[in-house]
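Results of the structural survey
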Amino acid sequence: MSRALTVIGDDAEAVLSALRRALEGGAAILPLAEGEMQRARHGSIPEVVDDRVALVVQSSGSTGAPKRVALSADALLASAAASDEALDGPGQWILALPAHYIAGINVLVRSIVAGTEPILAPRGHVDPHVFVDTASQFSHPVRYASLVPAQLASLIGTETALETLRSFSRILIGGQRMPDGLLVQALELGLNVTRSYGSSETSGGCVYDGVPIGDTSVRVSDGEVQIAGSVLAEGYLDDDERTAQSFRSDADGRWYRTSDSGVITGGVLRVTGRLDDVIVSGGVNVSLAAVERVVTSLDGLGDAVVVARDDSRWGEVPIVFSTGVASLESVRAAVASQLGVQARPAEVITVESIPLLPSGKPDRVALRSRQAIES
């Protein structure tokens, strides 16, 4: 059995309407960013998909080639139900993320399930004043937002936006690791924030503040975070090999291999980085995520992004990009004190802005390409 697959743009109203039909058994949808639409017309996108598939999400490609994740209506609805249970029940959401991104789609699915109309920010715009004006449209007493850390950091810097955020029942923060300093600042400012962890392959966030929600199970196997439960995707569209690599079944169920490293202590998951972000520098394994955690804790470097650069002597070395200014010596000293001398960055590059993907994540591919050109 199969169902039609409709490719649509990232207009939130159009996605919401098509998503309603898809969840009811209509054509499956593949929402794409405006820039991807033209390429899609010339690409190999099938006209039909398996009848279990309601939604296909094209991943951001923050660390490499994009993937097309196939999700069932059951998985999406399970995710929404688990979120309602973990939060304060059904409520009204503001959409401040792109509608082709899984966190934005989650906002729409939760709204459909709750029977409330989502408040649509202009194309996911996060200008503080626009955000305040958009949030004034709330009509439900239970108010939610889903943001990425960069959006939260921008909003809390404006008093009117901060007051608006204080009126939210809960603010989900996901999409990338939340800097510890930003979390502490948000809590001290009286914001009810919850860190959300998940991916397109898990219908979005399925672990809140380190604790699985709904029937989600989490384990760490050989250092890798793995996830099971009703929220899992069917696999990758027309990519059986990648599906077999990422989704494995055993006596304990079907598990998604995240490629994230982590530890579980007292039932709480802490993600420590990416298994594929470990470089070998001078014969020593160095986690770029660990370096980034140290660097972003330093004054003025909260938006720092750490990538690798080839080095003729050491093999690979960490490179820091940030809009803040700091001396290389101070950064190297801070990193060495916590991670050892092998982890010290080779360079700190000040930029006007950090390039972002539509999801709000740093575009690490663009940063790696930039330093490769400049070096």
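Our structure is the block above this text.
A few points on the structure. The written sequence of each chain sets the order in which its residues are numbered from 1. Local features are withheld for residues below a pLDDT of 70 in this predicted model, meaning they are given only at 70 or higher, and side-chain atom pairs are given and counted only at 80 or more; totals for whole chains, interfaces and linings count all residues. Note: side-chain values were computed over all heavy atoms of the structure, leaving out hydrogens and water.

Bringing the nonpolar core into the picture now. Think of a nonpolar core as a cluster: buried Ala, Val, Leu, Ile, Met, Phe, Trp, Tyr and Cys residues, connected wherever their side-chain atoms sit within 4.5 Å. Burial status follows relative accessibility: with a 1.4 Å probe on protein chains alone, a residue under 20% of its type maximum counts as buried, one over 50% as exposed, and anything between as partly exposed. Grouped together as the largest cluster of nonpolar side chains are 49 residues, with contacts concentrated most on Leu 19, Ile 29, Leu 55, Leu 71, Leu 108, Val 109 and Ile 227. Of all the elements in the fold, those that place two or more residues in this core are α1 (12-23), β4 (53-58), β5 (68-72), α3 (73-86), β6 (92-95), α4 (102-114), β11 (204-208) and β14 (224-228). Note on conventions: DSSP H or I runs of at least 4 residues are helices, E runs of at least 2 residues are strands, and numbering of each starts at the N terminus. The greatest single-element share of this core, amounting to seven residues, is contributed by α1. One finds Leu 147, Leu 152, Ala 186 and Leu 191 within the second-largest nonpolar core, a separate group that totals 23 residues.

A few words on the environment of Val 317. Tracing the chain through its elements places Val 317 in strand β22 (residues 315-322). Once the C-alpha coordinates of Val 317 and Arg 344 are considered, the two residues, 27 residues apart in sequence, prove to be 7.9 Å apart. We call two residues contacting when some pair of their heavy atoms lies within 4.5 Å. Other than its neighbours up to four places away in sequence, Val 317 contacts Ile 279, Ser 281, Val 307, Ala 308, Arg 309, Asp 311 and Ala 346.

A fitted line through C-alpha atoms serves as each axis, taken over the contacting stretch for helices, and the angle formed by two N-to-C directions is quoted from 0 to 180°. Following both chains from N to C, one finds α3 and α4 inclined at 75°, their axes separated by 9 Å at the closest point. Comparing the axis directions of α3 and α4 gives the class roughly perpendicular. Note on element contacts: α4 touches α3 through Asn 106, Val 109, Arg 110 and Val 113, opposite Leu 76, Leu 77, Ser 79, Ala 80, Ser 83 and Asp 84. Polar here means any residue outside two lists: the nonpolar Ala, Val, Leu, Ile, Met, Phe, Trp, Tyr, Cys and Pro, and the charged Asp, Glu, Lys and Arg; Gly therefore counts as polar. Along the lines of polarity and charge, the residues of the contact of α3 with α4 split into five nonpolar, three polar and two charged. In this scheme, roughly parallel covers angles under 35 degrees and roughly antiparallel covers those over 145, while 65 to 115 is roughly perpendicular and the rest are oblique.

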